Amino acid sequence: MMRARRWAPVLGSLFFAAPMVYAVIAVEAPAGYDNLSNGFESQTQFDLDLAEFNNREQIADGLGPLYNAQSCGECHETPVSGAGSQVTELRVGRLDPSGNFVEHSGGSLINDRAIDPSIQEQATRDDTIIAFRSSLSILGDGYVEAIPDDAFTRIQANQPPTMKGTILRVPLSEAPGQTRIARFGWKDQHASLLSFAADAYLNEMGITSPLQPSENTSNGKSVVQFDAISDPEDVATPSAPHGTDIEAFVRFMRSTKAPARDPVLAASPGAQAGAGVFHQVGCDFCHVATIQTAPAGTVINGGTFTVPAVLGDKMIHPFSDFMLHDVGTGDGIVQNGGQATARKLRTPPLWGLRTRSRFMHDLATVSYEAAILRHAGEAGPVIQSYRNLRPQQRSQLMQFLRSL
Ligand code: HEC
Ligand code: HEC
């Protein structure tokens, strides 16, 4: 899909539409790998919340009985707290006779660790669908949470018919009965950071909370006899003046700056030409370069959160549409999106790409070029255009990716 360089491309049309819609002209969101607050909370509170994010929970705190790691920071770690890592998670299931995905008993997630050998989860030989998924960065996710739902529908409207992303509306744990457009997780499992944090505290660390009050099972069997701490385990106590751990994780995540580009590489002529190639071949139909957050004062997350000035009216450069696509790599797993999403994955944001060593959901790809050539399905025409590029243009595109 080689396209002529139009003067007002996809992002341009969003940008030029903005002043008509919003009274405030958006400014760039702060970016950096410095573990400094973006202003959502004070630096003092940020440091406390970051420490909670990195705090290694113990069995006495409610860790387990089934878990994957002892702290959020164990998987969200490099180059700074909150970013990603090479840690993967295992999800499994099988197909029923009519070809529908059926999850492993007790859920598709196989917890990799347990506090007792008798309850270690394992896939069975019936689990013929096996998927590994990498730990995603949460840096800048406060801005992603602040993207209004209609931004996604506008992006979708600009995508070619064969490349329209799948939008999922998902429930919000903190607002029963309400839904919002999902944007977090490889399968677009969640729309809010509070919903995701409660899910992660349970599924990654085995710690229950008022939003996720029940422990996971081991291969479908209850593990209550191994759990000495009464549920919910994460509750506000007088010794915790700033609320529950989950609230601390959410404050920390909302306070992180967006991933920053390498200023020297980004300014190089090669990377600048590469940005044009990225647009010209159509990578940005899915890896959308610029999105604007909702105006300050917008009420989101089912009425539970008001976008503050530090997160509102910001331009971010995630290089993602946060929608699901079938690019031929889908992991076969169905979570909240129904059977039609088995072969689909969320476009991963390319901001911070240079901080990662392995690529794609399963981390099975180790170079940018191999990652591009692994795309097929909906991305097929774009990848064909990539193949038709001159060697110099391909090299410019690699320089651009390396600057992200
Ligand atoms: C064992 C590793 C591991 C631990 C521990 C962990 N995570 Fe994650 N995190 C992941 C993986 C893997 C994903 C992608 C999951 C998916 O979509 O299937 C992820 C995704 C996320 C996302 C979505 C990011 C995005 O932009 O889409 C958020 C938010 C998140 N984690 C928060 C947390 C919080 C908060 C904690 C601590 C309570 C935590 N995680 C603990 C591995 C981990
Ligand atoms: C139709 C939508 C679509 C188009 C077009 C597209 N991508 Fe992707 N891209 C995706 C999806 C979805 C994934 C995740 C696939 C997976 O993990 O299995 C992905 C993954 C990637 C990754 C790996 C990121 C990571 O963190 O692991 C890179 C790099 C990438 N794309 C670059 C490009 C480039 C460069 C182009 C243009 C030549 C392009 N993509 C075109 C949807 C698209």
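The structure contained in this document is the topic of the report that follows. (Residues numbered from 1 in each chain as written. Chains lettered and ligands numbered in written order. Predicted model: local features only at pLDDT ≥ 70, side-chain atom pairs only at ≥ 80, totals over all residues. Heavy atoms only, no water.)

### Points about the overall build of the protein chain
Scanning the protein chain from N- to C-terminus turns up 12 helices and 15 strands. Relative to the globule expectation of 22 Å for 404 residues, the C-alpha radius of gyration of the protein chain, 21 Å, shows essentially globular dimensions. If you line up the protein chain on its principal axes, its C-alpha atoms span 65 × 50 × 40 Å. Counting all 404 residues of the protein chain, 54% fall into the buried class. Within the protein chain, contacts between residues at least 6 apart in sequence are counted, and of these 69% link residues at least 24 apart. Here the protein chain has roughly 17100 Å² of accessible surface; of this, 57% comes from carbon and sulfur atoms. For the protein chain, the separation between the mean place of its 32 positive charges and that of its 42 negative charges on side chains is 12 Å. (Helix = DSSP H or I, 4+ residues; strand = E, 2+ residues; numbered from the N terminus. Rg over C-alpha atoms; globule rule 2.2 N^0.38 Å. Buried < 20%, exposed > 50% of the residue type's maximum accessible area, 1.4 Å probe, protein only. Contact = heavy atoms within 4.5 Å. Areas by Shrake-Rupley, 256 points an atom, 1.4 Å probe, with all protein chains shown as cover. Lys, Arg positive; Asp, Glu negative; His and termini not counted. Charge placed at Lys NZ, Arg CZ, Asp CG, Glu CD.)

### Side note on the packing of helix α9 (residues 269–281) against helix α12 (residues 391–402)
Helix-helix packing: each pair is described by the crossing angle between the helix axes and the interaxial distance. In the contact formed by α9 and α12, the axes pass within 7 Å of each other and the chain directions differ by 105°. By the criterion of interaxial angle, the relationship of α9 to α12 is roughly perpendicular. Two secondary-structure elements touch here, α9 through G270, A271, A273, G274, A275, V277, F278 and Q280 and α12 through Q393, Q396, L397, Q399, F400 and L401. Taken together, the residues that form the contact of α9 with α12 break down as 8 nonpolar, 6 polar and no charged. (Axes fitted to C-alpha atoms, helices over the stretch in contact; angles between N-to-C directions. Parallel < 35°, antiparallel > 145°, perpendicular 65-115°, else oblique. Nonpolar A, V, L, I, M, F, W, Y, C, P; charged D, E, K, R; others polar.)

### A look at the site of ligand 1
C72, C75, H76, R133 and W186 are the nearest of the 28 residues found near ligand 1. D141 places a polar side-chain atom, nitrogen or oxygen, 2.7 Å from an oxygen atom of ligand 1. A distance of 2.8 Å separates an oxygen atom of ligand 1 from a polar atom in the backbone of G185. For the shell around ligand 1, the elements supplying multiple residues, two or more each, are α3 (72–75), β3 (85–95), β7 (129–135), α6 (193–205) and α7 (245–254). If you tally residues by element for the shell around ligand 1, the top one is α6, at 6 residues. Its residues assigned to classes, the shell around ligand 1 shows 15 nonpolar, 8 polar and 5 charged. (Near = heavy atom within 4 Å. Polar contact = N/O pair within 3.5 Å; in protein donor to acceptor, adjacent residues only side chain to side chain.)

### Side note on the pattern of salt bridges
Pairing is possible between side chains of opposite charge, provided their charged atoms come close. Going through the model one piece at a time under the given rule, you end up with 14 salt bridges. A salt bridge links E74 to R56, with the nearest nitrogen and oxygen atoms 3.6 Å apart. Of this pair, E74 sits in helix α3 while R56 is found in the loop between α2 (43–54) and β2 (66–67), placing the two residues 18 residues apart along the sequence. Residue class for R56 comes out partly exposed when judged on its relative accessible area of 44%. Here E369 ties to R394 by a salt bridge, and the two come within 3.8 Å at their closest N and O atoms. With a gap of 25 residues between them, E369 in helix α10 (residues 368–374) and R394 in helix α12 connect regions that are remote in the sequence. (Salt bridge = Lys/Arg side-chain N within 4 Å of Asp/Glu carboxyl O.)

### Topic: the coordination of the iron atom of ligand 1
Inspection of the coordination sphere of the iron atom of ligand 1 shows a single protein donor, H76 (NE2), at 2.1 Å. Here H76 shows up in the loop between α3 and β3. (Donors = N, O, S within 2.8 Å, 3.2 Å for Na, K, Ca; no water.)

### So, the coordination of the iron atom of ligand 2
On the protein side, the iron atom of ligand 2 has H287 (NE2) and H375 (NE2) as donor atoms, found 2.0 Å from it. Each of the 6 donor atoms around the iron atom of ligand 2 contributes to a set of angles spanning 86 to 179°, which defines the coordination as octahedral. Residue H287 is located in the loop between α9 and β10 (291–292), and its partner H375 is located in the loop between α10 and α11 (380–387); the two are separated by 88 residues in the primary sequence. Here the two residues H287 and H375 agree in accessibility, since each one is buried. (Tetrahedral: all angles 85-135°; square planar, octahedral: opposite > 155°, others 65-115°.)

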